[in-house]
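# Report on the structure
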Amino acid sequence: MENGLVTRTTGSWYNVLTPSGKAFNCRLRGGYRLHGNKQTNPIAVGDLVSFALQTDGTGVIHEVADRRNYIVRRATKLSKQTHVIAANIDLLCIVATLASPRTSTGFIDRLLATAEAYHIPACLIFNKSDLLTQADLREAQASMAAIYTTASYPVLQVSAQQGTGLEQLSQAIAGRTILFCGHSGVGKSALLNALAPSLHLRVGDISHWSLKGTHTTTFAEIFPVPLRTAESEATTYLIDTPGIKEFGLVDIAPQELSHFFPEMRPLLPQCRFANCTHTHEPGCAVKEAVANGKISSWRYKNYLNMIDDLTAGE
Ligand SMILES: Nc1nc2c(ncn2[C@@H]2O[C@H](COP(=O)(O)OP(=O)(O)OP(=O)(O)O)[C@@H](O)[C@H]2O)c(=O)[nH]1
Ligand SMILES: [Mg+2]
Ligand SMILES: [Zn+2]
């Protein structure tokens, strides 16, 4: 048996990279079932697998190791099928844009809550800073960025095109496994190219991403890159993913959602009711914090929308 890292999945074929650096095309052993299985994909990029090498040079996967963590979503808020985007990651980088296209905070907050649920550190990268005026940038910094920083998330303004803000990002990701997620056209692939120019990933042309529903990147893939900084010489694993339009929450109970908002967490013991959902209950410390401006009103609004999604199926 050989062991390896799943670097790409396309239909029923999996690319697997062994520790010695050899790549194999593998299939999953017939009859293999994973976790009962409402997941559309039994194996995701980042999974560690063991496989038997066949005489034709391909492999048959016999075992998928338990996942340390993963990011899972529903394609739409109410769909039953769930999809694991990637497994065993050290950091989630949400790539967003303030312009062309604009990313909604509802989308960002769903991804952040999911990362919290699996204890995955997350950071926010606003790309295409070159499209903003200095005044726009200052305004974004004062509103959006400040609120996420207060909520404990690192926020970076970068331009993949001009290479600005990338040094700080390189420092934060060196030697780790990083998942890049965001809408189509925000520049995920462009950002990976800027971090590791040898990648030559396909980037959409200007008109491409404005045509709804078209993606430039079509499969998630892990790229081991020799990103070296003063602190780290270890290989860095960058995961590029296809753009996603919506991010539906999976397996989060309405009562626990506030635990996945870091700025709400310290207030929770102060709510009058232990099972407070911070929606209608009297004596709610979260609502009080929103009222006096200590918690952002739009983070709270997104929280309420998520509660609606989570209770819609009940
Ligand atoms: N002005 C500007 N344009 C950028 C920047 N980064 C990327 N773009 C452009 O944005 C478009 C989309 O870039 P991609 O890297 O293909 O976007 P993506 O997020 O990988 O998109 P999908 O693969 O469809 O999910 C391309 O036309 C890029 O040239 C940037 O920093 N500034
Ligand atoms: Mg792409
Ligand atoms: Zn409350």
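Preceding this paragraph is the structure being described.
What comes next concerns the included structure.

What counts as what
Residues numbered from 1 in each chain as written. Chains lettered and ligands numbered in written order. Predicted model: local features only at pLDDT ≥ 70, side-chain atom pairs only at ≥ 80, totals over all residues. Core = buried A, V, L, I, M, F, W, Y, C linked by C-beta atoms within 7 Å. Buried ≥ 20, exposed ≤ 12 C-beta atoms within 10 Å, placed from the backbone. Contact = placed C-beta atoms within 7 Å. Helix = DSSP H or I, 4+ residues; strand = E, 2+ residues; numbered from the N terminus. Expected span 1.5 Å × (residues − 1). Arc of directions from axis to C-beta. Pairing = 2+ DSSP bridges.

What follows is about the nonpolar core. The nonpolar side chains of a soluble globular protein tend to be buried, and buried together. Counting residues in each nonpolar core, the largest one holds 75 residues, and the members touching the most others are Ala86, Ile94, Leu179, Phe180 and Ile239. Other than its neighbours up to four places away in sequence, Phe180 contacts Cys93, Val95, Lys188, Leu191, Leu192, Leu238, Ile239, Asp240 and Thr241.

Turning next to helix α6 (residues 297–312). With 16 residues, α6 should reach 22 Å at 1.5 Å per residue; the first-to-last C-alpha distance of 22 Å fits that figure. All of the buried residues along α6 are Arg299, Asn302, Tyr303, Met306 and Leu310. Projection of α6 onto a plane perpendicular to its axis shows the buried side chains occupying an angular sector of 105°, all on one side. Summarising the geometry of α6, the exposed residues directed more than 90 degrees from the buried face are Ser297, Leu304, Asp308, Thr311 and Ala312. Contacts from the buried residues of α6 go to α1 (105–117) and α2 (134–150).

It is worth spelling out the pairing of strand β13 (residues 236–240) at this point. One face of the sheet, then the other: side chains in a regular strand alternate in exactly this way. Counting buried positions over the 5 residues of β13 gives 5, a clear majority of the element. With burial as the criterion, each face of β13 is covered, one bearing Thr236, Leu238 and Asp240 and the other bearing Tyr237 and Ile239. Here 3 bridges tie strand β11 (residues 177–181) to β13, and the two strands are oriented parallel to one another. Residue pairing in the sheet places Thr177 in a bridge with Tyr237 of β13. Bridge analysis of strand β12 (residues 221–225) against β13 gives 5 bridges, and the strand direction is antiparallel.

Right, let's talk about the environment of Asp205 for a bit. With respect to the helices and strands, the residue Asp205 is situated in the loop between α4 (188–195) and β12. Under the C-beta neighbour-count criterion, Asp205 is labelled exposed, with 8 such atoms within 10 Å. It is 8.8 Å that separates the C-alpha atoms of Asp205 and Thr216, two residues lying 11 residues apart in sequence.

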